[in-house]
Amino acid sequence: MYRLQKPFAMDKTRESCISSSYTRIQIMHKTTAGRKPKKKIYHRVQELDRVMDLDKKPSVILQLKSLIQSQKTASLLLRDLEKEVGFVHKWTYMAVIERYPTVFRVFGGQGSPPAVTLTEKAKKIAFLESEARAEMEPILVRNLRKLLMLSVDCKLPLKTIDLISDELGLPHDFKNCVILKYPEFFRLDEMNGREFLHLENWDSSLAVTAREERLSSQELILNTKRVRISKDGNLPGHFAFQLRFPAGFRPNVSYLEEVERWQKMEFPSPYLNARRFEVSDPKSRKRAVAVLHELLSLTMEKRLTSAQLDAFHSEYRLPSRLLLCLIKHHSVFYVTNKGVKSTVILKEAYDGTALVHKCPLIEYRDKFMALIGRNECSSCNEVSSSSST
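Notes on the structure follow. Note that the coordinates shown come from a computational prediction; the quantities given were computed from them, not determined experimentally. (Residues numbered from 1 in each chain as written. Predicted model: local features only at pLDDT ≥ 70, side-chain atom pairs only at ≥ 80, totals over all residues. Heavy atoms only, no water.)

### Section: the packing of aromatic side chains
What describes a pair of aromatic rings is the distance from one ring centre to the other and the angle between the planes of the rings.
No. 1: As enumerated under the stated definition, the model contains 10 aromatic pairs in all.
No. 2: Between Y182 and F185, the ring centres sit 6.1 Å apart and the planes meet at 20°, which makes this aromatic pair stacked.
No. 3: Judged by relative accessible area, Y182 falls into the buried class, the value being 18%.
No. 4: An aromatic cluster is defined as three or more aromatic residues linked by ring pairs; in this entry it consists of F239, F241, W262 and F267.
No. 5: When the ring centre of F368 is taken as reference, the NZ or CZ atom of K65 above it lies at 5.7 Å.
No. 6: Over the aromatic face of W262 sits the side chain of K286, whose NZ or CZ is 4.8 Å from the ring centroid. (Phe/Tyr/Trp six-rings, centres within 6.5 Å; stacked < 30°, edge-to-face > 60°. Buried < 20%, exposed > 50% of the residue type's maximum accessible area, 1.4 Å probe, protein only. Lys NZ or Arg CZ within 6 Å of the ring centre and 35° of its normal.)

Written out as C-alpha cells, the structure reads:
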C-alpha cells in the first residue's frame, strides 16, 4: 500500500520550508511485529505543481465559454447559471464574469432579465475553434488508433475512452463525428452490456512510440562517447528514456550505475501484445513504463489523473502496484496532488510550467486566454497556489 503523506508535525517555519521541496511517502511492507513501515522522500517539482494551479482559472473560463456557446441565443441568463453548474460553483462563475469584462459581457435589466454573452473580441477568437477542431481531427483519429493498438485485444470500452475524451481533445459527440465517420478504422460492438470500440485494421506504421520518434529525430546529434557514468541518468541508445531528476535529488554512484543498466536494457515494444510477456521479467516491467509513457504522450497536455490511468489497467496489463511503479520512476513521471485529484505528468513534456509541444486545440485555447492577459492569469493563479499550499 502506498500513500502520499505530508511531513511530520514540526516547527511551522521549518515545516513550510521542507514541505515545499518534498513529500514523505509511507510504504507499507510485510514486516515482523513491532517494526514501523519505511518512509521515503518523494521530491516535489514546484514547476509541475504550479502547472495544475495555473490550469484552474482557464478551465473555468473555457467551461463558461462553452456553456454560453451551447445556448441557442449564444447567451445565458444569470438566473439559469445555478441550474447549469450548481449552487456552489455558481459563485465561482459569477466572480469570473465580473473579473474578466474583456471576455464576458453582461446585458439586460430594466424589465429584461440580465444575461451574459461573449464580447466581440472573444467571439472573433472563439470562431477560430472550428479551424482548430478541423486540424485536430486527423491527429485524433491517429491517436485513437494507437490507443486501441496498445490494448491486448485491440479494443477498449467506449466508457474508458469517454473518461479521457477531454484530455485527448475529442469533441463531446465524438462517437458520431469521429468514430462513425471512419468505419475503415473503427467498429463498435456491445459485449456483456458494455459498448466497446474495436480497431478494424492494424497499421504497423503507427506502432512507433513518441519516445522512439524523439530518439530518431535526435539520432544525428547524440554523442556516444562517454568516459564516465552520466550524472543525470540520460544515455544515448534506442532503449533509453529521457530522465529528469528532481531538484534536491542527489543520487549516489551505485544508484546511477543501476539507472545506467536499466537505460541500456532492451525491452519489447508497447505495441506488442502484453500476453506474450511474463510480468515478473525486468524487460516486461520496463515495457510497462513505456506503455504508461506512450499513453500520456497521446494526451494533449501529457497528463492524466491516477483514476484515468487505472481505467486502462486490464486492457493494457498495467502493473498491479501502479503507484509504486510511478514513484520508482520519478525521473520519468511526476505525481502531484495539486488540484482536486491526483495527477500523473510526463516530465519531459514540460519546460518549467510550459508545455513543449502544443497541438492546434491547445494553441487555440492559448489565444483565447490571451484576452485576459497572460501575466494577469499567471498572477491570479499564483495567489490561489500560495493559499492552497
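### Some details on unusual backbone geometry
No. 1: The backbone of C154 sits at a positive phi, close to 55°, despite the residue not being glycine.
No. 2: Inspection of the secondary structure puts C154 in the loop between helix 7 (129-150) and strand 7 (155-157).
No. 3: For N192, which is not a glycine, the phi torsion comes out positive at approximately 55°.
No. 4: A residue is classified by how much of its surface remains accessible, and N192, at 79% relative accessible area, is exposed. (Helix = DSSP H or I, 4+ residues; strand = E, 2+ residues; numbered from the N terminus.)

### Topic: helix 5 (residues 87-99)
No. 1: End to end, helix 5 covers 19 Å across 13 residues, agreeing with the expected 18 Å (1.5 Å per residue, within 8%).
No. 2: Looking only at helix 5, the buried set comprises K90, Y93, V96 and I97. Along the long axis of helix 5, the arc covered by the buried residues comes to 125°, so they all point the same way. In this structure, helix 5 carries V88 and E98 as exposed residues pointing more than 90 degrees from its buried face.
No. 3: Taken together, the buried residues of helix 5 touch helix 3 (56-69), helix 4 (81-85), strand 5 (104-109) and strand 6 (112-118). (Expected span 1.5 Å × (residues − 1). Arc of directions from axis to C-beta. Contact = heavy atoms within 4.5 Å.)

### Considerations on the sheet that holds strand 5
No. 1: In spatial order, the strands read 4-6-5; together these 3 strands make up an open sheet with antiparallel pairing. For this open sheet the edge positions go to strand 4 (75-77) and strand 5, each flanked by a neighbour on one side alone. Taking the axes of each pair of neighbouring strands and ignoring which way they run, one obtains an average angle of 25° across the sheet.
No. 2: For strand 5 and strand 6, the ladder comprises 5 bridges, and the chain directions are antiparallel. In the sheet register, G109 faces strand 6, and the bridge partner there is S112. (Pairing = 2+ DSSP bridges. Axes fitted to C-alpha atoms, helices over the stretch in contact; angles between N-to-C directions.)

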